[in-house]
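One-letter residues, chain by chain:
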Amino acid sequence: MTASARLLIVGPQGSGKGTQGVRIAEAFGIPVVSTGDIFRANIKGGTELGQQVTAILDRGDLVPDELTGEIVRDRLSQDDAQSGFLLDGYPRNVAQVGHLDEFLSARGEALDAVILLDVPREESIARLSLRAQEQGRSDDTEEAIAHRLEIYENETAPILAVYGERGIVDRIDGIGSLDEITERITSVLAARGLTLAS
Ligand code: ADP
């Protein structure tokens, strides 16, 4: 049986949201829809979209809302996303929240929960510089990291107020072992009546 859950995971760069997102999606039997991963796969594959966004990602800027929205709508229209999904990296600003609302409400759907993975700024910067050494992601330069964190604080953090008003935000302490954090997330989701696939 597949459990239905429509989730969003939000957190600053280096919060571990990518890793936790994959774990939670697996536990629920739903696909992860990560806009960052979609863009990186297209860059790697040399597609037209990849060519359009390479310089934007390298600078740490946001890809235009219209283009990002189109990509997410396409992805969420695929069969495997009909009974649930976990969004990672979208929406990333208040305008994108509006676009997603429109798309989901036309299908009679809404997000069930927004998981905020909370880590202090110093910790997220430390983790990012480690990742830069290990993985060499081209947007993990000092300049692009600072820019992405700034965009997170100015544009992404405000979406939490919007979702907070709807009562769907769960704040999770992002400091601890991977398993501890996964457990924290699954228990807050269970408290909302969202149960794992069995
Ligand atoms: P991080 O959270 O470490 O910045 P992501 O993989 O989530 O990494 O995103 C990488 C880049 O992809 C962003 O810096 C941005 O350029 C682009 N991107 C991802 N999601 C969005 C979005 N929702 N809107 C616009 N640009 C996005």
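Residues numbered from 1 in each chain as written. Predicted model: local features only at pLDDT ≥ 70, side-chain atom pairs only at ≥ 80, totals over all residues. Heavy atoms only, no water.

In the nomenclature of an unreviewed UniProt entry, the protein corresponds to Adenylate kinase from the organism Microbacterium tenebrionis. Per UniProt, the protein carries the Pathway (unreviewed entry) text "Purine metabolism; AMP biosynthesis via salvage pathway; AMP from ADP: step 1/1." The UniProt entry for the protein carries the following text under Subcellular location (unreviewed entry): "Cytoplasm". (UniProt positions renumbered as here; feature names shortened; annotations may be inferred.)

(A) Molecular detail of the site of the ligand. Not every one of the 19 residues close to the ligand is listed here, only the nearest: Thr 35, Arg 40, Asp 61, Gly 89 and Arg 148. Thr 35 places a polar side-chain atom, nitrogen or oxygen, 2.7 Å from a nitrogen atom of the ligand. Take Gly 89: an N or O atom from its main chain is 2.7 Å from a nitrogen atom of the ligand. Protein chains shield 97% of the accessible area of the ligand, which is 540 Å² for the free molecule. (Near = heavy atom within 4 Å. Polar contact = N/O pair within 3.5 Å; in protein donor to acceptor, adjacent residues only side chain to side chain. Areas by Shrake-Rupley, 256 points an atom, 1.4 Å probe, with all protein chains shown as cover.)

(B) Examining the UniProt feature "binding site: ATP" (unreviewed entry) in the protein more closely. Under the local residue numbering, the UniProt record ascribes the feature "binding site: ATP" (unreviewed entry) to Gly 14, Ser 15, Gly 16, Lys 17, Gly 18, Thr 19, Arg 131 and Gly 176. Taken from the residues named earlier, the lining of the largest cavity is made up of Lys 17. When you line up the elements, Ser 15 lands in the loop between strand 1 (5-10) and helix 1 (17-28). Assessed through its relative accessible area of 3%, Ser 15 is described here as buried. Residues in contact with Ser 15, not counting those within four places in the same chain, are Leu 117, Val 119 and Arg 127. (1 Å grid on protein atoms, 1.4 Å probe; cavity = no way out; pocket = protein on both sides within 12 Å on 5 of 7 lines; lining within 4 Å. Helix = DSSP H or I, 4+ residues; strand = E, 2+ residues; numbered from the N terminus. Buried < 20%, exposed > 50% of the residue type's maximum accessible area, 1.4 Å probe, protein only. Contact = heavy atoms within 4.5 Å.)

(C) Region of the structure containing the environment of Ile 172. Mapping Ile 172 onto the fold places it in strand 5 (residues 169-173). Residue Ile 172 is classed as buried on the basis of its relative accessible area of 2%. For the pair Ile 172 and Asp 139, spaced 33 residues apart in sequence, the C-alpha to C-alpha distance is 26 Å. Filtering out sequence-adjacent residues up to four positions away, Ile 172 remains in contact with Ile 115, Leu 116, Leu 117, Asp 118, Ile 181, Arg 184, Ile 185 and Val 188.

(D) Quick peek at the layout of surface pockets. Considering only enclosed or pocket space, the largest pocket measures out at about 990 Å³ in volume. Around the largest pocket sit 45 residues that line it, and Lys 17, Arg 40, Arg 131, Arg 137 and Arg 148 are the ones nearest its centre. Going through the elements one at a time, helix 1, strand 2 (32-34), helix 2 (35-44), helix 6 (121-135), helix 7 (142-156) and helix 9 (178-191) are the ones with two or more residues in the lining of the largest pocket. Taken together, the residues that form the lining of the largest pocket break down as 14 nonpolar, 19 polar and twelve charged. (Points joined across faces, edges and corners; volume = space filled by probe spheres on them. Nonpolar A, V, L, I, M, F, W, Y, C, P; charged D, E, K, R; others polar.)

(E) Structural detail: the side chain of Ser 34. Along the chain, the position of Ser 34 falls in strand 2. With relative accessibility at 6%, the residue Ser 34 sits in the buried group. Here Asp 37 takes part through its backbone nitrogen, which lies 3.0 Å from a polar atom of the side chain of Ser 34.

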